[in-house]
Each structure stands twice: as C-alpha cells, then as structure tokens.
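Structural overview
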Amino acid sequence: MNKPTERYTGPAIAAHWLIAILILAAFPLGLYMHELTLSPTKLKLYSYHKWIGMTVLLLFVPRILWRLTHRPPAPLPMPAWQHKIAEGTHHLLYLLMFLVPLSGWLMSSAKGFQVVYFGVLPIPDLIGKDKELGELLEEMHEVLSWSLITLVGLHLAGALKHHIIDKDSTLRRMLPFGK
Amino acid sequence: MKINHIALSAAALLLAGAAHAVEFKQVDAAKSSLAFTSKQMGVPVPGSFKKFTAQLAFDPAKPTAASTTLEIDLASIDAGSKDANDEVVGKQWFNVKAFPTAKFVSTGVKALGGNRFEAVGKMTIKGQTRDVTAPFTFKQDAANGVFDGAFVLKRMDFNIGEGPWSDVSAVANEIEIKFHVVAAPVAVAKK
Ligand code: HEM
C-alpha cells in the first residue's frame, strides 16, 4: 500500500523506547512503594523510583532538543481528526514526561529529602522544606502521573490500531529494528 | 529572676576580667541545640532532639577540669518526617518506652590548642554504654560561653535500628551529631 516510508531517526527511536520503559517502570513502582509501611525496603524503592524518574527528566532534555531540530517523518495518510488527536497526544506526552518527574523532584525537596542520584550525586533542591507545599506537590505528582499513564495508554492503543487494523507503518517506523 | 541573672552575669564578667574566677555553668536550653544528620540511601536527612538537659562546668582557665552531663529526652526527636518520628521511638530503634533517655557523662576534657578542645566520656543509649570522643570549640559571646562540636556516632554500637533496620545500606551506620551549647557564667569562689 504505502511506499517504503521514512523512519524516525536513531536517536529519536532510542529516546522514545528508553523513556517508555522508564515511565512504565516508575509508575507501578510509585503506586506500590506508596502503600508500604516504613522499612529499609521502602527507602530503597523510593530511591530507585526517584533515580528512574530523574533519568526520564535527564533524557527529556536531549530528546526535546532533538525533536525541535529534526522533523519527524511525514504523517501517514489518515483522517485529519485522527492526525489531530495523535499530534495532541504527542504534545501532551512531552509536557507530562517533563512535569511528572519535575513535580516529583520538587515534592522531594519540599518534604525535606534531597534527591541524591544513584546515592552519589546530590541534585540541588530548587525549593526549601515546606510541609504544605510538599503535600500539594504530592497530589499534583499523583494526578499528573495518572494523566501521563492514561495518555500512554491512548498512545499505545493508537499505535496498535494502526499496526493491526490499518496495517500501516506507524508503529514500525518507530521500532528499533524495523525496515 | 531575670534581673538577678543579669546582675549575676555582670558580676561574673567583672570577676572573670579580674581573676578568671568564672565557670560557664548555666546552660541556656532555648539557645542550645542538639542536631544530627542521618544518611538514608546516600541522602543526608537532618534531625534534632528538642528536649535535653545539660549540666556543665567549664572554666576557660582550667579547661581540663571541665565536666558535663547531658541527658536527652529521646521522645523529643524530630527525624525529618512524621513517618520517621513514629518509627524511631519504636522498639527496633530507640525503644523509648523502655529507654526514655540517652545520657552522656564526660570523663575528661583535653585542650587541643587555641579554642579547640576534646571531651571524652561515656554515652549510654538503649542500655549500651560506649566511649565517645567529641571535639568542640569554645568561644565567648558577650557574657556567654558558646560550645560547638560534632562527632560521629555509630548507631549499631547502640543497637539503634534492629531487625531489618540493621541494614546499613538503607540507613548508614554513621550518624553525625552536632551540638551547640550556650551557657551563662557563674561566679565561683577563687580556689
Ligand atoms: C516518569 C517519571 C515518574 C513517574 C511516572 C512517577 C509516577 C509516580 C506514581 C504513580 C506515584 C504514586 C502516586 C500515588 O499513588 O500517590 C509516585 C509517587 C512518588 N514519586 Fe514519582 N514518578 C516519576 C518521577 C519521580 C521523580 C523524578 C521523583 C523524585 C525525584 C518522584 C518522587 C516520588 C515520590 C517521593 C512519591 C511518593 C509520594 C509519597 O508517597 O509520599 N517521582 N510517582
């Protein structure tokens, strides 16, 4: 049907899947650790969660710079409304993959726990200890995380619909080993 | 009371100037503090004890004759968060029901030169007594004596954090203790 389509660039594909894996790890970990009573395990899981999340934030920077300087492949033929939804989802995903870890980082600082990346690299606190602000940021982090994962679900459903029902190359051109 | 105090301090100052017959004895609890930093997963978490009493006798002219006794109300701990506060008073940590206070009794003070000194003594926490060495500095601030010191205490020496909490990769063994003691002078009869 389609001519052999243009693929995403290597760095775009790498960043996409790396961040996807990290978000899909951070989310259930966040839900799980939150329910635990205080224990060494809880302290460890919180740290792993923060390190994974900070990695998302770290990768977001080159990813967005790459995206702004490299056009993605041209959209495949599809109804305009579908294209609008897809594009809107992508923009919101970018926004949330930035805001979710940012709110986590700020929450941590407000609660009086500095983030120390992998237990060795202290990340500066952008705000000071403030109990009420910490609780507010916790709620924001929760709501933003759920919004993010909902959009990820929508995004995934869209990709699968293109792959399975439309049988076009939408998914393939983002896969690491496609042609 | 207050007038008395000021008069006493003034008198002490005069005496201090004249014959060094002064000892810093009256610990000002409101100006003194006892803080610590624990490390959780490499993250330094500040904490403090809100309530403690200290007896002190420090004569700058005879520092090696100084002595101090410090008693800490362990339930007054602020370990950085509500969760932590609830946890550390429990059995595995301080077990404050059975051991409500920690105590430090000095056995000697060494002069290290300048305004630097070192207190050695016995620290008792949770039924365990260990030797502790705490370097500190002394300076005079108006009439008051100000003592600032820090030392590292190994929590496992006192079984602080038992069971799963003995995992020092989550909460480090080394706890940094910082004390800041402000004491008013009291005139003493010249010996
Ligand atoms: C892609 C990145 C991230 C995702 C998807 C994510 C997701 C989540 C989720 C789903 C929760 C549970 C919310 C709840 O049920 O209350 C959570 C909690 C939490 N997150 Fe994140 N998070 C991310 C990044 C971060 C970062 C970078 C930090 C800090 C540096 C962080 C710190 C926290 C903390 C401290 C909690 C627990 C709040 C509490 O229990 O008090 N998160 N996260």
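First things first, this report covers the structure right here in the doc.

Residue and element names in this part refer to chain A. Every protein donor of the iron atom of the ligand is accounted for by His49 (NE2) and His141 (NE2), and the metal-donor separations fall at 2.0 Å. For the iron atom of the ligand, the six donor atoms in the first shell make angles of 87 to 180° at the metal, so the coordination geometry reads as octahedral. Here His49, found in helix α2 (residues 40-69), pairs with His141, found in helix α4 (residues 131-166); they are 92 residues apart in sequence, far enough to count as distant. Both residues of the pair, His49 and His141, count as buried.

Residue and element names in this part refer to chain A. Put simply, α2 and helix α3 (residues 80-110) touch, their axes get as near as 9 Å, and they point 140° apart. Relative to α3, the element α2 is oriented oblique. Seen along the crossing, α2 lies across α3 with a hand that is left-handed. Of the residues in α3, those in contact with Lys50, Gly53, Met54, Val56, Leu57, Phe60, Arg63, Ile64 and Arg67 of α2 are Tyr94, Met97, Phe98, Pro101, Leu102, Trp105 and Ser108.

To continue, consider the interface of chain A and chain B. Accessible area lost upon the coming together of the parts serves often as the stated size of an interface. Contacts between the two partners involve 15 residues from chain A and, on the opposite side, 17 residues from chain B. Taken together, both faces of the contact between chain A and chain B bury some 1300 Å²; the carbon and sulfur share is 68%. Taken as a group, Leu38, Pro40 and Phe113 of chain A account for 41% of the area that chain A buries against chain B, more than any other trio of residues on that side. At the junction of chain A with chain B, the criterion picks out one salt bridge. Taken together, the links from chain A to chain B amount to three residue pairs in polar contact (both at pLDDT 80 or more). When residues of the side of chain A that touches chain B are assigned to their parent elements, the largest contribution, seven residues, is made by α2 of chain A. Considering only residue class, the side of chain A that touches chain B consists of seven nonpolar, four polar and four charged.

Let us now look at the site of the ligand. All names here are of chain A. Neighbouring the ligand are 24 residues; His34, Tyr46, His49, Lys111 and His141 lie closest to it. Between Glu138 and the ligand, the recorded distance is 3.5 Å, taken from a side-chain N or O atom to an oxygen atom. Listed by contribution, the elements that provide at least two residues to the shell around the ligand are α1 (10-35), α2, α3 and α4. If you tally residues by element for the shell around the ligand, the top one is α1, at seven residues. Partitioning the shell around the ligand into residue classes produces 13 nonpolar, seven polar and four charged.

Let us now look at the nonpolar core. Across soluble globular proteins, nonpolar side chains show a tendency to be buried alongside one another. If you look at the biggest cluster of nonpolar residues, it comprises 56 residues, and the most contacted ones within it are Phe94 and Phe147 of chain B. Those residues in contact with Phe94 of chain B that sit more than four places away from it in its chain are Phe49, Leu74, Ile77, Val88, Val89, Phe99, Ile125, Lys126 and Ile160 of chain B. Residues Leu45, Leu93, Leu144 and Leu151 of chain A belong to the second largest nonpolar core, which totals 20 residues.

Across all of its chains, the model carries twelve salt bridges over all chains by this definition. Between Glu138 of chain A and Lys111 of chain A there is a salt bridge, and its shortest N-O distance comes to 2.5 Å. Pair noted here: Glu138 of chain A is in helix α4 and Lys111 of chain A is in the loop between α3 and β1 (115-117), with a separation of 27 residues, a long-range link. In this structure, Asp131 of chain B and Lys122 of chain B form a salt bridge, with 2.7 Å as the shortest nitrogen-oxygen distance. Given the relative accessible area of 59%, Asp131 of chain B is considered exposed.

What follows deals with the side chain of Lys42 of chain A. Tracing the backbone shows Lys42 of chain A in helix α2. Although Lys42 of chain A is buried, it forms no salt bridge, and the closest oppositely charged side chain is Asp83 of chain B at an N-O distance of 4.4 Å. At a separation of 2.6 Å, a polar atom in the side chain of Lys42 of chain A contacts the main-chain carbonyl oxygen of Leu36 of chain A. Not counting residues up to four positions away in its chain, the partners in contact with Lys42 of chain A are Met33, His34, Leu36 and Thr37 of chain A together with Asp83 of chain B.

The next thing to look at is the packing of aromatic side chains. The tally for this structure, following the rule as stated, stands at 17 aromatic pairs over all chains. On the basis of an interplanar angle of 50° and a centroid distance of 5.5 Å, the ring pair of Trp51 of chain A and Phe118 of chain A is categorised as tilted. Remark: Phe118 of chain A occurs in the loop between β1 and β2 (121-123) and Trp51 of chain A occurs in helix α2; sequence separation between them is 67 residues. Centroid distance Trp93 of chain B to Trp165 of chain B: 5.1 Å. Interplanar angle 55°. Geometry classified as tilted. In this pair, Trp93 of chain B is assigned in the loop between α2 (82-88) and β7 (101-113) and Trp165 of chain B in the loop between β10 (144-154) and β11 (174-187), connecting sequence segments 72 residues apart. By relative accessible area, which is 8% here, Trp93 of chain B ends up buried. Taking the relative accessible area as the measure of exposure, Trp165 of chain B reaches 3% and is therefore buried. Through a chain of ring-to-ring contacts, three or more aromatic side chains come together here, namely Phe24, Phe58, Phe117, Phe136, Phe138 and Phe147 of chain B.

Cut-offs and rules
Residues numbered from 1 in each chain as written. Chains lettered and ligands numbered in written order. Predicted model: local features only at pLDDT ≥ 70, side-chain atom pairs only at ≥ 80, totals over all residues. Heavy atoms only, no water. Donors = N, O, S within 2.8 Å, 3.2 Å for Na, K, Ca; no water. Tetrahedral: all angles 85-135°; square planar, octahedral: opposite > 155°, others 65-115°. Helix = DSSP H or I, 4+ residues; strand = E, 2+ residues; numbered from the N terminus. Buried < 20%, exposed > 50% of the residue type's maximum accessible area, 1.4 Å probe, protein only. Axes fitted to C-alpha atoms, helices over the stretch in contact; angles between N-to-C directions. Parallel < 35°, antiparallel > 145°, perpendicular 65-115°, else oblique. Left-handed = near helix turned anticlockwise from the far one by under 90°. Contact = heavy atoms within 4.5 Å. Buried area = accessible area lost by both parts, 1.4 Å probe. Salt bridge = Lys/Arg side-chain N within 4 Å of Asp/Glu carboxyl O. Polar contact = N/O pair within 3.5 Å; in protein donor to acceptor, adjacent residues only side chain to side chain. Nonpolar A, V, L, I, M, F, W, Y, C, P; charged D, E, K, R; others polar. Near = heavy atom within 4 Å. Core = buried A, V, L, I, M, F, W, Y, C linked by side-chain atoms within 4.5 Å. Lys, Arg positive; Asp, Glu negative; His and termini not counted. Phe/Tyr/Trp six-rings, centres within 6.5 Å; stacked < 30°, edge-to-face > 60°.

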